[in-house]
Amino acid sequence: MPKYVMVIDVEKCIGCMACVIACKKENNVPEEHFRTRVVEEVRGEFPNLRMELRSELCNHCENAPCIDACPTRASHRAKDGTVQIDSVKCIGCKACILACPYDARYSHPKGFADKCTFCDHRLKEGKKPACVETCLGKSRIFGDLEEANSEVAELLRKHDSSVRLEFAGTRPRVFYIKKKFAGGL
Amino acid sequence: MSITRRDFLKIAAVTGGAVAASTPVVKSVLALGKKPVSLPQYVPTTCEMCFWRCGAIAKVLDGKVVKLDGNPIHPNSRGKLCARGHGGIGLLYDPDRLKTPLINTGARGEAKFKKASWDEALGFVADKMQKIKEKYGPESVALLTHGTISAYFLHLLQAYGSPNFAMPSFALCRGARGVAFEVTFGEDVGNPERLDLQNSKVIVLIGSHLGENAHNSQCQEFAEAVGKGATVIVLDPRFSTAAGKAQYWLPIKPATDLALLLAWINVIINEGLYDKEYVAKYTTGFNEVAKAVKEYTPEWAEKETDIPASLIVETARVMGKNKPSVLIHPGRHTAWYSDNVQRQRAVAILTAILGAYGRPGGVYLNPKKKLEPVFLSEKDYPDHKQELNKGKYPFAGEEGITHEIVRATLTDEPYPIKAWFTTGTNIMKAMPNQRATLNAVQKLDLLVAVDMMPYDGVMLADVVLPECTYLERHDDFFTVKERSFGISIRQPVVQPMYDTKPGWWIAKELGKRLGLEEYFPWNTFEDFLKAKAQIWGIDYAELAKNGYIDFPESAKPYISSGEDFKFKTPSGKIELYSKELKEHGFDAVPKYTKHAQPSEGWFRLIYGRAPVHTFSRTTNNPSLWELMEENVAWINSKIAKRMGLKNNEYIVLVNQDGVKSNKVRAKVTERIRPDCIYIVHGFGSTSKLLKKAYLRGADDQQLITRYVIDPIGGTVGMRVNFVKIAKEV
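Conventions and cut-offs
- Residues numbered from 1 in each chain as written.
- Chains lettered and ligands numbered in written order.
- Predicted model: local features only at pLDDT ≥ 70, side-chain atom pairs only at ≥ 80, totals over all residues.
- Pairing = 2+ DSSP bridges.
- Helix = DSSP H or I, 4+ residues; strand = E, 2+ residues; numbered from the N terminus.
- Axes fitted to C-alpha atoms, helices over the stretch in contact; angles between N-to-C directions.
- Contact = placed C-beta atoms within 7 Å.
- Nonpolar A, V, L, I, M, F, W, Y, C, P; charged D, E, K, R; others polar.
- Buried ≥ 20, exposed ≤ 12 C-beta atoms within 10 Å, placed from the backbone.
- Arc of directions from axis to C-beta.
- Core = buried A, V, L, I, M, F, W, Y, C linked by C-beta atoms within 7 Å.
- Expected span 1.5 Å × (residues − 1).

Novice: Explain the sheet that holds strand E12 (residues 248-250) of chain B to me, using residue names and the numbers behind them.
Specialist: Residue and element names in this part refer to chain B. If you walk across this open sheet you meet the four strands as E12-E11-E10-E14, and the pairing is parallel. Strands with a single pairing partner mark the edges of an open sheet, and in this sheet they are E12 and strand E14 (326-328). Taking the axes of each pair of neighbouring strands and ignoring which way they run, one obtains an average angle of 10° across the sheet. Two elements, strand E11 (residues 231-235) and E12, share three bridges in a ladder whose sense is parallel. By the bridge assignment for E12, Val-234 is matched with Trp-249.

Structure, rendered in structure tokens:
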């Protein structure tokens, strides 16, 4: 089974928001909802400031609380290892939305839970997720960690990385690498 | 059944390069009895969500554009699009688009529009134009224009007999840096700028907020350089996104940038950090510069700029140490103060003494490729009166100066201007002093607007002619001067919606009604493009299929070591000391000018860009509006505390002339100096037909009632307005 991961090189995010809208268009995400976002965090006082721009999305956790919380198995681990939602099986109970510690899911107006799929439909065509494809800063890097020569594997070998809310024990597959910013996520 | 990309390619090859055609469907034996599967078509074109002109590929399904992506072979996009590029779909399907020609039945500017047919609207305009020509002469029709549509209307107006036009892109935007670079290096720095960011070791940004200003390939290279560990030095009163990537953020006192630039030149010369060989071989006037900057010490500059002398010295040394791979970003919107050209001259001089022009990591050279100009028609234009476009400014650019058109309209000097065409520009949001614009508009006999959306400026028009969007039309080829030369095509990816027409069609049809059909000898614009491609010796079919043709052999980015390189200046060298400027009575080496600072309780109004919007053009775009519905006023948190302002609370800005802004939310932040307020440009639309953008946020241009003019090139300084904060009532 592949181990798809996204590595986010925080330093290279220039906050252009191309990922946010590319994702929306690619996945026909309804108005007022998003599957990914860019978070801005500022520390310090004028003029001694630091800022981090950070893309956030579904972490496709290895230990996914959303799967555990789902009463109908609509939220499930797909054959490719990613966390997916079967909208037909979903009864719209929103338990998964509450269970996700990352605020990565929303309730689709058509009555089911929805979130980032890692663009699994594109992966099947050998393409990268839409957000990665369009990322101006090449801050989002995607690949299979099982492939030793993949860019993601190399990046995670070379850099210290962190995940969001590590203490939650969810074992996310979205990793953040950064050089300057020392704050926690 | 699933259709793979590979299958699609095979099928597409059979259906051929049909552009904007109906979507083919697959009815295979296996699929019999099932609903046929629609196949997407992929059509390349050139984006117009901003003016970087990226190559885009539209994914069209069942006649609808469902996705836009960057064209991988286009150097301006490199397979990626910015947020606005993706948001092109929002423009195409914006329910508020102009859908038919409109004629105002009320008083000037009342926008009491009645729908009209093209024949009626164009007939109305042609009739008025004939009357104006008889009474005042053809030169009394002027054109304010921006973007690709300019080509057709410049042609039409010149054929009609008027030489008068102006583009806001000069005096209100890039003009100053163009003049400064032409005077110094003999050529402008290009658009897109020829910046070798991906190889820069040091990047100096003077108010340029890359990232927030999301020019595609430039942002890509900036992020790459940051990733490779380039030292970024940002001069900005605001802690911009780029400042967040910087090793040195110098929160400079606004209006003092030239002081810092001169002090940097001072240190680099004093400490012998300049590129001596390069300066000796390629420049002239070094000694004069060295002498002139003696007085501009770091200690002096500290008092002007609020930047400690030690930091000025340290950053100058970083530049000197890393020469020539130092990129002093020349900026883009450089219409700041009365000395724009001199400030940009200092940028050019600093670039030159670091040996960074024509060197890796600095400014790369123009590609070597010459194509003969192909005109819309071979017929000569009639003789005309002296044009107004350049005013009295000896270094004004060919694009013309908007405030000269406004001035002549208001004063009838040297002759009356009685009609305006505004094509692709929102005159209320692009030009300062809205009162003057409105007064001038009231003096006209005819105001025609050609645009895609009912922008504020369009609402003033007597006749509105709806242009279709860039996704629905052909336009002239774009010549791209990246590291190598290339040609980019814009072609319709879907048919025009509603009763909208391409700009070229509107100009041609109006020409017909003015008896100027000989100036439009082609039937469709594609006919013209095909003929042009033939003259240029390029394969039109290939261009239409791929969207871009590259000429790799044209690349010559750097001056080779020891090369006897001739610059296009009178001396053939980089003119650090400018004889040309001197001859016209200006300073040959920049001298510092002190500009007024706000008094207690007042703030300088500064403005800039957001990555998800292009001026006022996109504020109503549903796809982009969702990402940023209105602008916010950045206010330093200490000031906010003192005034009892809460974050996100609505306030009103009032300028020195008592002009009140629309309500705008306060962004209380550490990210700005206490003496200025920043808003993103383009918001606060007053057009009720823009249902999403109407009265959302504050309009910077409304508050820019005052402006100053740089006597060298006529460029405008718009950062000279002060505002105070009032609570919203």
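Novice: An account of the interface of chain B and chain A is needed here, citing residue identities and associated values.
Specialist: Taken residue by residue, the interface counts 36 residues in chain B and 29 residues in chain A. Those elements that provide at least two residues to the side of chain B that touches chain A are strand E5 (64-70), helix H2 (83-86) and helix H7 (216-227) of chain B. Ranked by residue count, the leading element in the side of chain B that touches chain A is H7 of chain B, at seven residues. Tallied by class, the residues present in the side of chain B that touches chain A amount to 16 nonpolar, 13 polar and seven charged.

Novice: Before we move on, can you summarise helix H16 (residues 434-443) of chain B with the specific residues and values?
Specialist: All names here are of chain B. What H16 keeps buried is the set Gln-434, Thr-437, Ala-440 and Val-441. Here the buried residues of H16 occupy an arc of 125° about the axis, which is enough to place them on one side. Where H16 is buried, its residues contact helix H14 (402-411), helix H15 (427-430), strand E16 (446-451) and helix H23 (700-703).

Novice: So what's going on with the nonpolar core? Residues and values would help.
Specialist: Among the nonpolar cores identified, the biggest contains 284 residues, and Ala-18 of chain A together with Ala-83, Ile-265, Ala-633 and Ile-677 of chain B are the most heavily contacted of them. If one sorts the elements of this core by residue count, helix H8 (residues 257-270) of chain B sits on top with 11 residues. Setting aside its immediate chain neighbours within four residues, Ala-83 of chain B contacts Cys-16, Met-17, Ala-18, Val-20 and Ile-21 of chain A together with Ala-214, Pro-611, Val-612, Leu-624 and Leu-627 of chain B.

Novice: Could you give an account of the environment of Tyr-519 of chain B, naming the residues involved and the relevant values?
Specialist: All names here are of chain B. With respect to the secondary-structure elements, Tyr-519 resides in the loop between helix H17 (503-513) and helix H18 (525-536). With 23 C-beta atoms packed within 10 Å, Tyr-519 lands in the buried category. On a C-alpha basis, the gap between Tyr-519 and Ser-560 in space is 46 Å, while along the polypeptide they are 41 residues apart. Contacts of Tyr-519, omitting those with residues within four sequence positions, involve His-155, Ala-159, Leu-376, Ser-377, Lys-379 and Gly-511.

Novice: Which residues make up the sheet that holds strand E20 (residues 548-551) of chain B, and what are the values?
Specialist: Residue and element names in this part refer to chain B. Ordered in space as E18-E19-E20, the three strands form an open sheet in which the pairing is antiparallel. Strand pairing shows two members of the sheet lacking a second neighbour, strand E18 (478-481) and E20, which therefore form its edges. The sheet shows a mean angle of 20° between the axes of neighbouring strands, taken without regard to direction. Sheet topology note: the E18/strand E19 (residues 485-488) ladder contains four bridges and is antiparallel. From the neighbouring strand, Thr-479 faces E19, where its bridge partner is Ile-487.

Novice: Can you lay out H18 of chain B for me, pointing to particular residues and giving the numbers?
Specialist: All names here are of chain B. In a regular helix each residue adds 1.5 Å, so 12 residues correspond to 16 Å; H18 covers 16 Å between its end C-alpha atoms and thus fits that length. If you follow the buried residues of H18, they end up packed against H17 and helix H19 (540-546). Where H18 ends, the next residue or the one after it, Gly-537, has phi of about 70°, a positive value.

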